Each structure stands twice: as structure tokens, then as C-alpha cells.
Amino acid sequence: MLHIWRTTTRSKRTVPEFGHIRRILEPSPCRQFRTPCPVRYCSANNVRTFDTMLSARRAEARRSILVQVSSERSYNELYHYCSQFGTIESSHHYRVEGDADGDCHYILLEFGSTAQANTAMQSGVFSTERPGVRARSIFMWFRTGPKPKLIAREEPKRPLSLVAGTNAIEETELNSLLSSAESIDDQITILHRLTKLNDLGKRLRFLAVRQLESSLQGMFPQAVAHPFGSSVNGYGRMGCDLDVILDLDSRSGEPPDRNSRLVYHTKATNPNERTQVQRQLESIGDVLQLFLPGVNSVRRILKARVPIVKYHHEHLDLEIDLTMNNTAGVYMSELLYLFGQLDGRVRPLTFCVRRWAQSVGLTNQTPGYWITNFSLTMLVMYFLQQLARPILPSINRLIQLSTASSQQHLNSPPVTRFGEGGEAEWAYTFLKNPSIYGSFRSENEATLEQLLVEFFEFYSQFDFNQRAISLNLGSTILKPDHSPMYIVNPLETVLNVSKNVNLEETELFRMQVRNAVWLLEAHGKESGNTTASPSATEPWGLVSLFGPKQQQRITPQMFFTKRMLNVKDIFDEVPVDQDTLTTTTQYRNTAVKNQIAAIQRAAKTEIQKLSTGGSRVEARTTSTSLEGTGVKLKRNTKRR
């Protein structure tokens, strides 16, 4: 097992023990509310399914309240006051950056039962000092009061589990820990454990889900909020947003109850489902803005392909996206969760690829023509499917395994499904079968380091021009259209997950995976041992891969004017000797050096021809292909 705080042979120094980081890195058993161990090291009985995980988190939220305090030092007094309502099982502190008045501190208390938490919540009162809409909720604040001396001295039976539990690790601290690891394999493990969404982050997100449900169930008793996306699929990082699908009638597909002769009157719905969803979301946005404590900055984006309401929760420091009637998102989250449970290497590798893509500018927080984290995750999943010894099976193979398992367990209890349509039936085939989590075991013993290098090598040679990726088949197919990158949507196979990615971003991805292969070869673990001084800390492994060494990378940004550089800027900043075709920039790869020199020479000749012209001309755009690289140079030429 990894212990990164020991003395390393490379750096000849001892890494300091960061208390909260060391606790994260220590191994933990497969317990109900801990991160499960990799499936290949656990028995199938210890693996939680997606549904059981959601049920456990919802139960946690029902047993919890959130209290704003002056600081973490208020915990002793808060603990002894709230102990009168029941047993406090766990407590977590975090801080939200505030305005001129200072930061806001919160403590989450989990009681032993839902009844105890409800008793604590119902004991609250409304303040006359802070006027506002009087809505009872699980979000409260702890006001000052008499503090007996005995309580001040007595320690609580359960100390705080976390202090500042939502603070992400600093970049410099993370790089220091990565540099002190023993191998790239260990670096990937450290990166995953220190940047993934922790237990407190998950608890806070399910508190937001509980608030949303409880605020609407008075009028809609069957309303259910389904969290999906990175918050629940196991690939979320610290600070990620929360995506929620709201179903106002979660039991609409069930057969009616024939025992009662009294039937509720209902409001007629709009025959246009999209218009109905837009109007409902608009009204729900008003409820969120006007009545729910902590909710602010409500934005209604109703004209989008999938209408959503975005809002910020100030007490949870959380951005939330709310939509309706989009069950495909939940099933996709369950599919990714299943992939992560099948093998313990899936999530660390995905985290590493996502971090790399962010560092080199492949992904962006705002929507656009660039690749998304979801598309990157699909690329990782397909790579793990197509290996000679697959680490992940194809979806069709999972369906076969689920069918065989169901025939062996004919007496297994039925599983409740929600939603209607083709995607619901498809997901029900195997996602709702608990036995599928233990039905596949990979014989591939490759390390994370080997898989990372193979991932970059695989996509550096992948034919994006002709082939489309299908996770259902675990292989490629001919592209149905001319999209630069085509990843078949596993749920709705007529859709392209990466339809938004344009040609420029596809070429940028191919260039960056080639750069990554070279960087890992040039800055491996061995390169750190060849430094001039024994105490030197030359970046290596992931640190060099994520580092700011942009001058060593040849990217399409040098050639595509749309992505920020003009062709002539190359010659203003990089002087060229026409006789020797050498530049002031040092290139380790001779082939790349020759290619850049050839581009500069050809483009400069074209510019000279244009500068000799004496009349107005009409502009047109041509493309010159770089042999062996797949990169295209766009330049403006003129014709008389």
C-alpha cells in the first residue's frame, strides 16, 4: 500500500505529514459510508450498487441538519446542546468564503435516526432579528446563549470528523506530493484520492436534494429529485456542480389502486410536453427564488435543448442545475458508476486524463466547440474495452451476463424502475440487476502507469476521420455522418455524444495526446535521478505532464488563427535563418524541428509574394496539410 510521507530515494528528503491529507491516503475498509475498495480486491457482497448507494445517502440526509456557527470552536457548545435531541453519530465542519463580514462557518450534524433529526429541526424558532419568509428547513444558525463552565471544559464524545472539509488541496501542495511519489502509478493514485469528491461533499449535495424534495412534496407528494452526473457516478471532483432531475409524479407508471373509489381531481396538462416542462420549470424557479432558504442567483435557461434552472446555494457553496423528465441522465450515471465498480483502476485513470485535458486547455467550463469531460470519460471507457485483455466489457456483453445471471436467480426480488421509453427498458435490462456487479472480472494486470501511456498512444493513432466509437459493441464502426469526432450515445444510439466538437478541437486532441506520450518518455521517473544536484526536484511524471512547459509543445494553436494565433506572429517571435533553417527555439525532436522550419519557409514565401502585389484582391482560405502529423495550417491568401 502507498505511503507517500516516507523518505524517498529520489529527492533525499522527507515529505512533511499533512494531517488531513494523510488521513485521506490511509487505506480504509469497505464500509457503508466509506469509499469502497477496488472490486477486484473485494467480494461481490461488499460492493454497493448504484441504488443502494443512493438509498444510503438519502438516509444520511434525513438524519442530518446543517447549523451555521461563528467558527469551528463553537462545536463543543453545539454538540452538548444538540445532544438533548438524540445521539450525534458524526459531525463535519466547512467554511464558505464570505464578504467583508468574514467567512461563514457551518457544522453538519448527523443524528442516530430520522426522528432525532426531526426533533432537533422542530425545536428551532424563527428570528425577529432577521426578518424574512418563515420557512422551516434543515438549515439553521446557532445563536449565542449562556455557556455553563462545565460544558466549556467537557470534551464531546464524538470530535469533529473534518475541519474545513470542503477546501480543495492547493496546487503547490499537490505537486509536492506527486513529486515525492515512488512511481507514476502512485502519482495517479494520489491524484485520485486527493481531488475526488469527499464524503462531506456528497453529504452536502444530498442535503440540497432533500431540501428540493421536501419543499415540493406538500403539493406533489410523489415528487422525487434524482441526482445524476459527477456528484453520484463516482467521477466527481471537489467543487463539482450538482445535477438534479425533478420528477413530480414518480409513480405515474404504476397500476392504479382499485380498492378506493375516491379519485383525485388533477390539472389538465399541455399536450406540448416541451412547453409544459418550460412552464413548470419557470414556476419552480420562482418557488426556489422566493421561498427556499439559502437559494439565490436563480437563472432560467428554458430555450435550451434541455430546459434547465440553474441556481446557487449559499449555505452549501454549491451550483445546482435542475431539469425535468430527462431520465437518460440518471441511467448514464448508473452506467458509469457500474464501470467504476467493475475495476478499481477505472476511476483513477479517468481522473488523470481529465486533469491532463484541463491543464493543456482541451476542456473548458463554458459550453463550446471543445471536448467535454463526459466525452473524455467515454474515450477512457472505450479504450479499456478494446484492450487485448479488456478491463471493461462492452455493454452488449454486460446485457448477456445479466440475462444469464437472471436465469440463475429466478427468485430474485423485482426491482422498481422509474421513467418510460426506450432508454428505460434498455437500462432495466442489466443496470437494475444487482448481480451484474460481480459478473465480470478482468484478467488484465496492467498498472495505471502502463494504461495511461497506452491511452495516449492509442488515440494518437486513432482514425477519427473514418471511425466512430461504440461502447455498446466495444469496437468502432463507420461514422454515420461527417462529425470530426463521433462517439455513439450508449442510451440513444442515433445520437453523437461529441457532436459539439469541431475539427480544430479534434486535431488539438490528437496533437496533445502525442505531446503527452513524448512528455512521459522524456520526464519519467528516471529523469529525476539525472539532476546535477542531489536535492534538485526536476518535475517528472504527472507534474511535468500537467506543468506549464508550453514552449516544449507543438500545438495547433500555432497554426489555427481561430484559436488565438496569427501566422505572422510565428515569424515575429521566432527568427529564422534562411540558410540553415535553424531557429532560436530548441527542439528535442528533429522531425518536429524540420517540419516547423518547412512551414515557416513556405509561409514566408507566400507572404513575400503577397507583399509584392499592387492591386486589390479577393481573399480566400486554403489549407496546407502537414505530412505525418494530421495538422492543417489555415492561412489567408489573395488572388488577383
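The structure this text deals with has already been given above.
These notes cover the structure that comes with them. The structure presented is a predicted model; accordingly, all values stated were derived computationally and were not measured.

Procedures and definitions
Residues numbered from 1 in each chain as written. Predicted model: local features only at pLDDT ≥ 70, side-chain atom pairs only at ≥ 80, totals over all residues. Heavy atoms only, no water. Helix = DSSP H or I, 4+ residues; strand = E, 2+ residues; numbered from the N terminus. Buried < 20%, exposed > 50% of the residue type's maximum accessible area, 1.4 Å probe, protein only. Contact = heavy atoms within 4.5 Å. Areas by Shrake-Rupley, 256 points an atom, 1.4 Å probe, with all protein chains shown as cover. Pairing = 2+ DSSP bridges. Axes fitted to C-alpha atoms, helices over the stretch in contact; angles between N-to-C directions. Expected span 1.5 Å × (residues − 1). Core = buried A, V, L, I, M, F, W, Y, C linked by side-chain atoms within 4.5 Å. Polar contact = N/O pair within 3.5 Å; in protein donor to acceptor, adjacent residues only side chain to side chain. Arc of directions from axis to C-beta. Patch = residues over 30% accessible without salt bridge, like charges linked within 9 Å, V, L, I, M, F, W, Y side chains within 5 Å. Salt bridge = Lys/Arg side-chain N within 4 Å of Asp/Glu carboxyl O.

With that settled, the discussion passes to the overall build of the protein chain. Counting its regular elements, the protein chain contains 19 helices and 13 strands. Among the 640 residues that make up the protein chain, the fraction classed as buried is 47%. Partitioning the intrachain contacts of the protein chain with sequence separation of at least 6 by distance along the chain shows that 68% fall at a separation of at least 24. On the protein chain, roughly 33700 Å² of surface is accessible, and the fraction owed to carbon and sulfur atoms is 50%.

Quick look at the pairing of strand β1 (residues 64-69) now. Taken residue by residue, a regular strand's side chains alternate between the two faces of the sheet. By the criterion of burial, β1 is predominantly enclosed, with 6 of the 6 residues buried. Residues Ser64, Leu66 and Gln68 of β1 are buried on one face, and the alternating residues Ile65, Val67 and Val69, pointing to the opposite face, are buried as well. Examined bridge by bridge, β1 and strand β3 (residues 104-111) share 6 bridges and lie antiparallel to one another. What sits directly across from Ser64, in β3, is Glu110. Taken together, the 3 bridges between β1 and strand β4 (residues 139-141) define a ladder with parallel strand orientation.

Bringing the sheet that holds strand β2 (residues 88-96) into the picture now. Ordered by their spatial adjacency, 4 strands build an open sheet running β2-β3-β1-β4, and the pairing between neighbours is mixed. Across the chains shown, the open sheet's two edge strands, defined by having one partner strand only, are β2 and β4. If you compare each strand with its neighbour and ignore which way they point, the axes differ by 25° on average. Its contacts with the sheet put helix α8 (residues 199-216) on β1, β2, β3 and β4, and the angle it makes with β2 is roughly 90°.

In a regular helix each residue adds 1.5 Å, so 12 residues correspond to 16 Å; helix α7 (residues 184-195) covers 16 Å between its end C-alpha atoms and thus fits that length. Of all the 12 residues making up α7, 10 are buried; the element is thus mostly covered by neighbouring parts of the structure. Where α7 is concerned, the buried positions are Ile184, Asp186, Gln187, Ile188, Thr189, Ile190, Leu191, His192, Leu194 and Thr195.

In this section: the side chain of His313. Inspection of the secondary structure puts His313 in strand β8 (residues 308-313). Classification of His313 as buried rests on a relative accessible area of 0%.

Here the focus is unusual backbone geometry. Despite not being glycine, Ala164 has its phi angle at roughly 55°, a positive value. As for its position among the elements, Ala164 is in the loop between α5 (149-153) and α6 (171-179).

In globular proteins that are soluble, nonpolar side chains generally tend to be buried together. Among the nonpolar cores identified, the biggest contains 123 residues, and Phe339 and Trp356 are the most heavily contacted of them. Among the elements that make up this core, the one with the highest residue count is helix α10 (residues 328-342) (10 residues). Among residues more than four places away in sequence, those in contact with Trp356 are Leu362, Phe456, Phe509, Gln512, Val513, Ala516, Leu545 and Phe546. Val67, Ile88, Ile107 and Leu109 belong to the second-largest nonpolar core, a separate cluster that totals 15 residues.

Position of Ser90 among the secondary structure elements: in strand β2. Side chain to side chain, Ser90 and His92 meet in a polar contact 3.4 Å long. Side chain to side chain, Ser90 and Glu110 meet in a polar contact 2.8 Å long. Look past the residues within four positions of Ser90 in its chain and what remains in contact with it is Leu108, Leu109, Glu110, Ser161 and Arg203.

A few words now on helix α4 (residues 114-122). Inspection of α4 places Ala117, Ala120 and Met121 among the buried residues, and these make up the whole buried set. Buried residues of α4, viewed axially, fall in a sector of 100°; they line one side. Looking at the packing, one finds that the buried side of α4 touches α2 (50-62), β1, β3 and β4.

Next up on the list: a nonpolar patch on the surface. Side chains of Val133, Leu290 and Phe291 sit close together on the surface and give an oily, nonpolar patch of about 310 Å² of accessible area. Mapped onto the fold, Leu290 is located in helix α9 (residues 273-291).

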